[in-house]
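Close look at the chain arrangement
The primary structure of each chain is shown beneath.
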Amino acid sequence: MRERMLATERVRAVEWRDGRLYLLDQRRLPFEERWLGHDTAAEVAAAIRHMVVRGAPAIGIAAAYGLLLGVRDRLAAGGDWRAALEEDFAELAAARPTAVNLAWALQRMRARLDRLRDDAGVLEALEAEAREIHQSDREANLTMAQYGVELIRKHDKAPQRILTHCNAGALATGGFGTALGVIRAAWLEGLVEQVYVDETRPWLQGARLTAWELAGEGVPVSLVADAAAAHLMKTRGIDWVIVGADRITANCDVANKIGTYQLAVNAMHHGVRFMVVAPTSTIDMSLDSGDDIPIEERDGRELLEIGGQPLAARVPALNPVFDVTPADLVDVLVTERGVIERPDAAKLALLMCRKRLH
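Residue positions are counted from 1 within each chain, in the order its sequence is given. Thresholds applied to this predicted model are a pLDDT of at least 70 for local features of residues and 80 or more for the giving and counting of side-chain atom pairs; totals over whole chains, interfaces and linings are not thresholded and use all residues. Calculation of side-chain values draws on the structure's entire complement of heavy atoms; hydrogens and water are dropped beforehand.

1. A few points about the overall build of the chain
In this description a helix means any DSSP run of H or I spanning at least four residues, a strand means any run of E spanning at least two, and both kinds are numbered starting from the N terminus. Broken down by element type, the chain carries 12 helices and 16 strands. Our radius of gyration is a C-alpha quantity, and the globule rule it is checked against amounts to 2.2 Å times the number of residues to the power 0.38. In summary, the chain has a C-alpha radius of gyration of 20 Å against a globular reference of 21 Å for 358 residues, a match within 12%. When the backbone C-alpha atoms are referred to their principal axes, the chain occupies close to 65 × 55 × 40 Å. Buried, partly exposed and exposed residues are distinguished by accessible area as a fraction of the type maximum, computed with a 1.4 Å probe on protein chains only: under 20%, between the cut-offs, and over 50%, respectively. Relative to its 358 residues, the chain shows a buried fraction of 54%. Counting only contacts in the chain whose residues sit at least 6 apart along the sequence, the fraction spanning at least 24 positions is 74%. Per element, the accessible surface of the chain, about 14600 Å² overall, is 51% carbon and sulfur. Asp and Glu count as negative and Lys and Arg as positive, but His and the ends of the chain are not part of the count. Every charge is mapped to an atom, namely NZ of Lys, CZ of Arg, CG of Asp or CD of Glu. On the chain, the mean spot of the 43 positive side-chain charges and the mean spot of the 51 negative ones are 3 Å from each other. Only heavy atoms matter for contacts: two residues are in contact if any of them lie within 4.5 Å across the pair. Residue burial considers only the protein chains on display, and all accessible areas are found by Shrake-Rupley using a 1.4 Å probe.

Here it is in structure tokens:
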């Protein structure tokens, strides 16, 4: 199956080439595929903040390369470059507060840097670390896809109908995708009849990105309004809701794109299985529950306008871009280290211990 999955890869979001970070500008998709080059940590932080790159794993990967660019600039400037680099750490970390992969990647880069006692070979070592973060995420996605396919295969009906939200595909990761990786692999195995994609207001990641990724590979996909999800579960025989995650806490609460929580509530009511697919880099064992997750709120103009054109009455707009799904609404959590059915704190702690042992 792995070879078949690799043969389908055609989309990527992040590329490190000739000492420069290139990001596919996801704000312009699906109408224009435009790559933007970045040469400084500040430019990468701005790209993360302004949604050039999005999706928790892809944000972390971009931040790792951004820190590498910061080190290059600080070394060239001379002086106490390690102290000066703290400004780059802080700026990158503040770019998006909810996705824990951002902090995780920066912590890995810091740990690698701290092990280097002199300046010789610093850039080479940190480039290798950033590349490893990038490649290991892609490998994790391929593994999770295989785990997810086996769960779908065990279902008593095939082919199946799947609903997904936002974009947890190759565009959001180091390659192949988390939730969308499972869906793509299941399609290759003949296990998917139809995929329904929520449009995902207000940035329309489902409409612009997920539908584009799936249609480009010939997967049968239909776009639906976010508000139509419960109706589909009632009338279209949805078998699975499969989503990614931006942060998972120690008790298995899941932060993901706004609208995920209501999907989980509706899925439980209609007897639809709810799968979360995320690498262990998305798991934050330092937070006890979802109540502790910082929820990013963005400019209300994202709700009031599209492409700068007014869409609604000029009233105050509340724009939280993530919500938290309680663990008891999650049927299964898929990671690259294994699968947890009915996830809880004890099962997750065991999984994370197994990760450290290996």
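2. Description of the pattern of salt bridges
Counted as salt bridges are all cases of a side-chain nitrogen of Lys or Arg within 4 Å of a carboxyl oxygen of Asp or Glu. One pass over the full model with this rule turns up 24 salt bridges. Among the salt bridges present, the one from R108 reaches E129, with a minimum N-O distance of 2.9 Å. On the criterion of sequence distance, the pair formed by R108 in helix α5 (residues 100-114) and E129 in helix α6 (residues 122-154) is long-range, its members being 21 residues apart. A salt bridge links R314 to E305; its shortest N-O distance comes to 3.2 Å. On the basis of relative accessible area, R314 is assigned to the exposed category, the value being 54%.

3. Considerations on the sheet that holds strand β14 (residues 322-325)
Reading across from one edge, β11-β8-β9-β14 is the order of the 4 strands in this open sheet, with mixed pairing throughout. Of all strands in the sheet, those bounded by a partner on one side alone are β11 (283-284) and β14. In this scheme, strands are said to pair when DSSP sees at least two bridges between them. Pairing between strand β8 (residues 247-249) and strand β9 (residues 254-257): 2 bridges, direction antiparallel. Its bridge partner lying in β9, R247 is registered against A255.

4. Considerations on the state of the cysteines
A pair of sulfur atoms, both from cysteines and within 2.5 Å, is called a disulfide here. All chains considered together, the criterion is met by 0 disulfides. Unpaired in this structure, C353 has its nearest cysteine sulfur neighbour in C252, at a distance of 13 Å. Here C353 falls in the partly exposed class, since its relative accessible area comes to 34%.

5. Comments concerning the side chain of E336
Turning to its location among the elements, E336 is positioned in the loop between β15 (332-335) and β16 (338-341). No salt bridge is formed by the buried E336. Its closest oppositely charged neighbour is R337, at 4.5 Å. Under this definition, polar contacts are N or O atom pairs within 3.5 Å; protein pairs additionally need one hydrogen-donor-capable and one acceptor-capable atom, and for neighbouring residues in sequence, both atoms have to be side-chain atoms. Side chain to side chain, E336 and T280 meet in a polar contact 2.5 Å long. Residues contacting E336, with those up to four places away along its chain left out, are A140, T143, M144, Y147, A278, P279 and T280.

6. Focus on the pairing of strand β5 (residues 192-198)
Most of β5 sits inside the fold, with 6 of its 7 residues counted as buried. Pairing geometry for strand β4 (residues 160-164) and β5, over 5 bridges, is parallel. Bridge assignment links L163 to a residue of β5, and that residue is Y196. Tracing the backbone out of β4, into helix α7 (residues 179-188) and back to the parallel element β5 gives a crossover that is right-handed. Once the chain exits β5 it traverses helix α8 (residues 205-216) before rejoining the sheet at strand β6 (residues 221-224), and the crossover so formed is right-handed. Orienting the strands away from the viewer, one traces the path from the first strand over the helix to the second; a clockwise path indicates a right-handed crossover.

7. Considerations on the packing of aromatic side chains
Only rings of Phe, Tyr and Trp enter the pairing, Trp through its six-membered ring, and a pair is recorded when the two centres are within 6.5 Å. The plane angle decides the type: under 30 degrees is stacked, over 60 is edge-to-face, the rest tilted. Throughout the structure, instances matching the rule amount to 1 aromatic pair. Ring geometry for W16 and Y65: centres 5.1 Å apart, planes at 5 degrees, overall stacked. Of this pair, W16 sits in strand β1 (residues 14-17) while Y65 is found in helix α3 (residues 56-77), placing the two residues 49 residues apart along the sequence. Accessibility expressed as a relative area gives 10% for W16, which makes it buried. Here Y65 falls in the buried class, since its relative accessible area comes to 2%. Whether a charge sits over a ring comes down to the Lys NZ or Arg CZ being within 6 Å of the ring centre and within 35 degrees of the ring normal. Over the aromatic face of F176 sits the side chain of R184, whose NZ or CZ is 4.2 Å from the ring centroid. When the ring centre of F322 is taken as origin, the NZ or CZ atom of K257, which lies over that ring, is 4.4 Å away.

8. Some details on unusual backbone geometry
Note: most residues except glycine have negative phi, and most peptide bonds are trans. L29 connects to P30 through a cis peptide bond whose omega is 5 degrees. With respect to the helices, strands and loops of the structure, P30 is situated in the loop between β2 (20-24) and β3 (35-38). Omega for the bond connecting R201 with P202 falls within 30 degrees of zero, at 5 degrees, which places this linkage in the cis form. Within the secondary structure, P202 is located in the loop between β5 and α8. Despite not being glycine, M51 has its phi angle at roughly 70 degrees, a positive value. With respect to the helices and strands, M51 occurs in the loop between α2 (41-49) and α3. Backbone geometry at F176 places phi at a positive 75 degrees, although glycine is not the residue there. Among the structural elements, F176 can be located in the loop between β4 and α7.

9. Some remarks on the sheet that holds β6
With respect to topology, 7 strands assemble into an open sheet ordered β6-β5-β4-β7-β10-β15-β16, the strand pairing being mixed. A strand with exactly one partner marks an edge of an open sheet, and here the two such strands are β6 and β16. Taken over all neighbouring pairs, the strand axes of this sheet differ in orientation by 25 degrees on average, direction set aside. Pairing between β4 and strand β7 (residues 240-243): 2 bridges, direction parallel. Looking at β7, one finds that I162 is bridged to W240. Relative to β15, α6 is tilted by about 150 degrees, and along the sheet it contacts β4, β7, β10 (273-277), β15 and β16. Helix axes are fitted only over the stretch in contact, all axes being lines through C-alpha atoms; the angle between N-to-C directions runs from 0 to 180 degrees. Lying on the sheet, helix α10 (residues 260-270) is in contact with β4, β5, β7 and β10; it crosses β10 at an angle near 145 degrees.

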